[in-house]
Amino acid sequence: MAVAFGGVAVQSQQAMAEQWYTGSLISPSGPLSKKGMFLLEPYMYYAVPSGMIGPNNDAVPMSSPRQQSVTNLTIYRYAVTDTISIQTEPTIAYRWKHGDNTSSGLKLGDVPVDLMWRYLTADPARYIPTLNLITGVSFPTGDYSSLGRAQDGVGSGVYTYRVALTEQSTYTLPNNHELRLRVWATFRRALTTAHLHDVTSYGTTQGFQGRAQPGMYGGAGFSLEYGVTQRWVLALDVARDWSNGTKLHGTYTSTQQTISQTGTPSGDWQIAPAVEYNWSPRYGIIAGVSVYYAGHNTERVVSPQFAFNALY
């Protein structure tokens, strides 16, 4: 048996060669394993809704045109110590609807900054996995209010607290094939309220004055990565996300219409198969597709994506 942590596999005596990983598409990884290490991992993904899911996991007709987007998410992670890393992952997106409207340009979303702590290090001899705690805050850097175009609304306008617990372990299967397992759970809560004016990312239009607060949301899931060879890996993520409704209060000044509502809670299930290729323990790529296939009060989304992983 071998146990991996911080994206770098630890080889057991029985294994013939160290397995190389890039990491699955969705699962969060933990801190880097040595002080001074730096991880750079840019993602690119295209997202298009394929339909709507109703309150009882039923198919609901979807209006046209559909919201589409291309997004770059880049992970920057630095090891402050052998067990603590700091990470940020800014996103840049471009959105459009065919025949309707587009973003006014590339738009920067909210930027999170997280502290990552490996509080239990793997012990292969005792079958103990790596356990990590990740906590931080997302800063409201994305446009969300007084928008020239509704498509420019990529931010929330609130500071959001984020916390996650993750587990990672690697097992040696017959013929020295490695299988890496990750399990995680996340939780997020808005710390402040967004003050809204006119066209916003919360769906309001010209003349609106008010405030909004996103509901609590989170998720959980697991991933499996199977080493076909030292370089080639098959990956699979399965995840469940949930979200409470957003609270929206305000008034349209021209008509004095008052809005006071809480959005409908939603949830989804997604699956993300992928293939990894690794040139070395430090460099690799992954490509696959994430599919939201079930849930309630949400969209069915198909999202092809790929990423490049570089560890320095």
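All values derive from a computational prediction rather than experimental measurement.

1. Observations concerning the sheet that holds strand β17 (residues 247-252)
Sheet strands pair by backbone hydrogen bonding; their relative direction is either parallel or antiparallel. The antiparallel open sheet is built from 4 strands, whose spatial order is β13-β14-β17-β18. Looking at strand neighbours, the two that pair on one side only are β13 (194-197) and β18 (257-262), the edges of this open sheet. Adjacent strand axes in the sheet meet at a mean angle of 10 degrees, parallel and antiparallel pairs treated alike. Bridge analysis of β13 against strand β14 (residues 208-213) gives 4 bridges, and the strand direction is antiparallel. Residue His 197 lies in a different strand from β14, and its bridge partner there is Gln 209.

2. A look at a nonpolar patch on the surface
Where nonpolar side chains cluster on the molecular surface, the patch consists of Tyr 78, Val 80, Ile 86, Val 113, Leu 115, Phe 139, Tyr 159, Tyr 161 and Leu 191 and spans about 750 Å² of accessible area. Examined against the element boundaries, Val 113 turns out to sit in strand β9 (residues 111-120). Look at Val 113 and you get partly exposed, because its relative accessible area is 33%.

3. Here's the deal with the nonpolar core
The biggest cluster of nonpolar side chains holds 14 residues, and the ones touching the most others in it are Leu 25, Leu 32, Tyr 43 and Ile 286. No other element matches the 3 residues that strand β5 (residues 68-79) contributes to this core. Filtering out sequence-adjacent residues up to four positions away, Tyr 43 remains in contact with Ser 24, Leu 25, Thr 71, Asn 72, Leu 73, Ile 75, Gln 305, Phe 306 and Ala 307. Formed by 10 residues, the second largest nonpolar core is a distinct cluster that contains Ala 194, Phe 208, Tyr 252 and Ile 259.

4. Some words on the packing of aromatic side chains
Taken as a whole and judged by the stated rule, the model has 11 aromatic pairs. Each ring, one from Phe 187 and one from Trp 242, has its centre 6.5 Å from the other, and the planes form 35 degrees; the classification is tilted. You can see Phe 187 sitting in strand β12 (residues 177-190) and its partner Trp 242 sitting in strand β16 (residues 232-243), a full 55 residues away along the chain. Judged by relative accessible area, which is 27%, Phe 187 ranks as partly exposed. For Trp 242, a relative accessible area of 31% gives the class partly exposed. Three or more aromatic residues joined by ring pairs make a cluster, and in this case those are Trp 232, Tyr 277, Trp 279 and Phe 308. Sitting over the ring of Tyr 21, Arg 180 keeps its end group 4.1 Å from the ring centre.

5. Digging into the pairing of strand β19 (residues 266-278)
Bridge analysis of β16 against β19 gives 12 bridges, and the strand direction is antiparallel. Pairing of Asp 241 across the sheet is with Asp 268, part of β19. Here β19 pairs with strand β20 (residues 283-296) via 10 bridges, running antiparallel. Paired with Asn 278 across the strands is Gly 284, a residue of β20. Between β19 and β20, which pair antiparallel one after the other, the connecting turn spans 4 residues.

6. Here we look at the pattern of salt bridges
Following the criterion strictly, the structure yields 5 salt bridges and no others. For the salt bridge of Arg 162 with Glu 89, the shortest nitrogen-to-oxygen distance reads 3.6 Å. In this pair, Arg 162 sits in strand β11 (residues 160-173) while Glu 89 sits in the loop between β6 (84-88) and β7 (91-96), placing the two residues 73 residues apart along the sequence. By the burial criterion, Arg 162 is buried, and Glu 89 matches it. Two residues, Asp 123 and Arg 126, come together in a salt bridge whose shortest N-O distance is 3.9 Å. You can call Arg 126 exposed: its relative accessible area is 60%.

Thresholds, definitions, all that
- Residues numbered from 1 in each chain as written.
- Predicted model: local features only at pLDDT ≥ 70, side-chain atom pairs only at ≥ 80, totals over all residues.
- Heavy atoms only, no water.
- Pairing = 2+ DSSP bridges.
- Helix = DSSP H or I, 4+ residues; strand = E, 2+ residues; numbered from the N terminus.
- Axes fitted to C-alpha atoms, helices over the stretch in contact; angles between N-to-C directions.
- Patch = residues over 30% accessible without salt bridge, like charges linked within 9 Å, V, L, I, M, F, W, Y side chains within 5 Å.
- Areas by Shrake-Rupley, 256 points an atom, 1.4 Å probe, with all protein chains shown as cover.
- Salt bridge = Lys/Arg side-chain N within 4 Å of Asp/Glu carboxyl O.
- Buried < 20%, exposed > 50% of the residue type's maximum accessible area, 1.4 Å probe, protein only.
- Core = buried A, V, L, I, M, F, W, Y, C linked by side-chain atoms within 4.5 Å.
- Contact = heavy atoms within 4.5 Å.
- Phe/Tyr/Trp six-rings, centres within 6.5 Å; stacked < 30°, edge-to-face > 60°.
- Lys NZ or Arg CZ within 6 Å of the ring centre and 35° of its normal.

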